[in-house]
Amino acid sequence: MRVYVPLTLPGLAAAHQAGEIGPGPLTAYAVTPGLREWYVSDDIEELEYAALNRAASASLRLIAAKPDVARRRVVVAVDVPDGAAVADPDRSLDSSSLGEVRISSPVPLTAAAAVHVDADDAEKDVTAAAAALGAADLGDDDAQFTVDGADDHELLWFGIQEIPNLIG
């Protein structure tokens, strides 16, 4: 099963140094029944893209909580055994947790398929989005517009072998 783990650049550096993403439990995003129902699509590529975007939003929240980290969203796509990623059935249709799964143990970095990271030119919008998250959560439409501005930037794809260049 392909899952998308939200991180920050320092989190990616720590995973690279440890050889695993962890410790568990990890929050990740995947194509869950709730995500399928919400997006009403059978196209697996569209659904995986939606899960990746959910993880990118979670990465933004990690960035907002740590003002000293680089303002670039990071998502690691990893393949885990079926059953290793579990969705909470009580929250399956809660829009704030669509696609959210828990992985109970660390994931070896060798299970990673790719790393998705914002380009340098996204930093200004990601910085503004991170600063506006609190107000957006409280219903401020202007703040939500600012948060949505980060989504205008597509995450770039990198191979696992490129991690040293991303964190260096």
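Structural data are supplied above this passage.
Residues numbered from 1 in each chain as written. Predicted model: local features only at pLDDT ≥ 70, side-chain atom pairs only at ≥ 80, totals over all residues. Heavy atoms only, no water.

1. With respect to the overall build of the protein chain
Argument step 1. Scanning the protein chain from N- to C-terminus turns up 6 helices and 9 strands.
Argument step 2. Since a compact globule built from 168 residues should have a radius of gyration of about 15 Å, the 15 Å found for the protein chain is in line with a globular shape.
Argument step 3. Its C-alpha atoms give the protein chain principal-axis dimensions of roughly 40 × 40 × 25 Å.
Argument step 4. Among the 168 residues that make up the protein chain, the fraction classed as buried is 43%.
Argument step 5. Long-range contacts, defined as pairs at least 24 residues apart, comprise 76% of the intrachain contacts of the protein chain with a sequence gap of at least 6.
Argument step 6. Taken as a whole, the protein chain presents about 8800 Å² of accessible surface, with 52% of it coming from carbon and sulfur.
Argument step 7. Averaging the coordinates of the 11 positive side-chain charges in the protein chain and doing the same for the 28 negative ones gives two points 5 Å apart. (Helix = DSSP H or I, 4+ residues; strand = E, 2+ residues; numbered from the N terminus. Rg over C-alpha atoms; globule rule 2.2 N^0.38 Å. Buried < 20%, exposed > 50% of the residue type's maximum accessible area, 1.4 Å probe, protein only. Contact = heavy atoms within 4.5 Å. Areas by Shrake-Rupley, 256 points an atom, 1.4 Å probe, with all protein chains shown as cover. Lys, Arg positive; Asp, Glu negative; His and termini not counted. Charge placed at Lys NZ, Arg CZ, Asp CG, Glu CD.)

2. Let's talk about the layout of surface pockets
It is the rolling of a water-molecule-sized probe over the atoms that shows where space remains empty.
Argument step 1. Space inside the largest pocket adds up to approximately 390 Å³.
Argument step 2. Lining the largest pocket are 17 residues, with Arg54, Ser57, Arg61, Leu133 and Val147 positioned closest to its centre.
Argument step 3. When residues of the lining of the largest pocket are traced back to their parent elements, those giving at least two are helix H3 (44–65), helix H4 (123–137) and helix H5 (141–151).
Argument step 4. Of the residues in the lining of the largest pocket, the class split is 7 nonpolar, 4 polar and 6 charged.
Argument step 5. Contributing to the lining of the second largest pocket are Val5, Pro6, Leu7, Thr8, Gly11, Thr27, Tyr29, Ala58, Arg61, Leu62, Lys66 and Glu100.
Argument step 6. Where the lining of the second largest pocket is concerned, the elements lending two or more residues are strand E1 (2–7), strand E3 (26–29) and H3. (1 Å grid on protein atoms, 1.4 Å probe; cavity = no way out; pocket = protein on both sides within 12 Å on 5 of 7 lines; lining within 4 Å. Points joined across faces, edges and corners; volume = space filled by probe spheres on them. Nonpolar A, V, L, I, M, F, W, Y, C, P; charged D, E, K, R; others polar.)

3. Quick notes on the pairing of strand E4 (residues 74–79)
Argument step 1. Among the 6 residues of E4, 5 are classified as buried, and the element is accordingly described as predominantly covered.
Argument step 2. Sheet topology note: the E1/E4 ladder contains 6 bridges and is antiparallel. Opposite tyrosine 4, over in E4, you have alanine 77 as the bridge partner.
Argument step 3. The pairing of E4 with strand E8 (residues 112–117) spans 5 bridges and is classified as antiparallel. Bridge pairing in E8 places valine 74 opposite valine 117. (Pairing = 2+ DSSP bridges.)

4. Regarding H3
Argument step 1. Over its 22 residues, H3 extends 32 Å from the first C-alpha to the last, a length consistent with the 32 Å expected when each residue adds 1.5 Å.
Argument step 2. Buried within H3 we find Leu47, Ala50, Ala51, Leu52, Ala55, Ala56, Ala58, Ser59, Leu60 and Ile63. (Expected span 1.5 Å × (residues − 1).)

5. Things to note about the pattern of salt bridges
Argument step 1. Applying the stated criterion across every chain, the model contains 6 salt bridges.
Argument step 2. One salt bridge in this structure joins aspartate 118 and arginine 73, with 2.7 Å as the shortest N-O distance. Of this pair, aspartate 118 sits in the loop between E8 and H4 while arginine 73 sits in the loop between H3 and E4, and the two are 45 residues apart along the sequence. Note on accessibility: aspartate 118 and arginine 73 belong to one class, buried.
Argument step 3. Across the salt bridge formed by aspartate 151 and arginine 73, the nearest N and O atoms sit 3.6 Å from each other. Residue aspartate 151 is found in helix H5, and its partner arginine 73 is found in the loop between H3 and E4; the two are separated by 78 residues along the sequence.
Argument step 4. Among the charged side chains, a network of salt bridges with common partners joins Arg73, Asp118 and Asp151. (Salt bridge = Lys/Arg side-chain N within 4 Å of Asp/Glu carboxyl O.)

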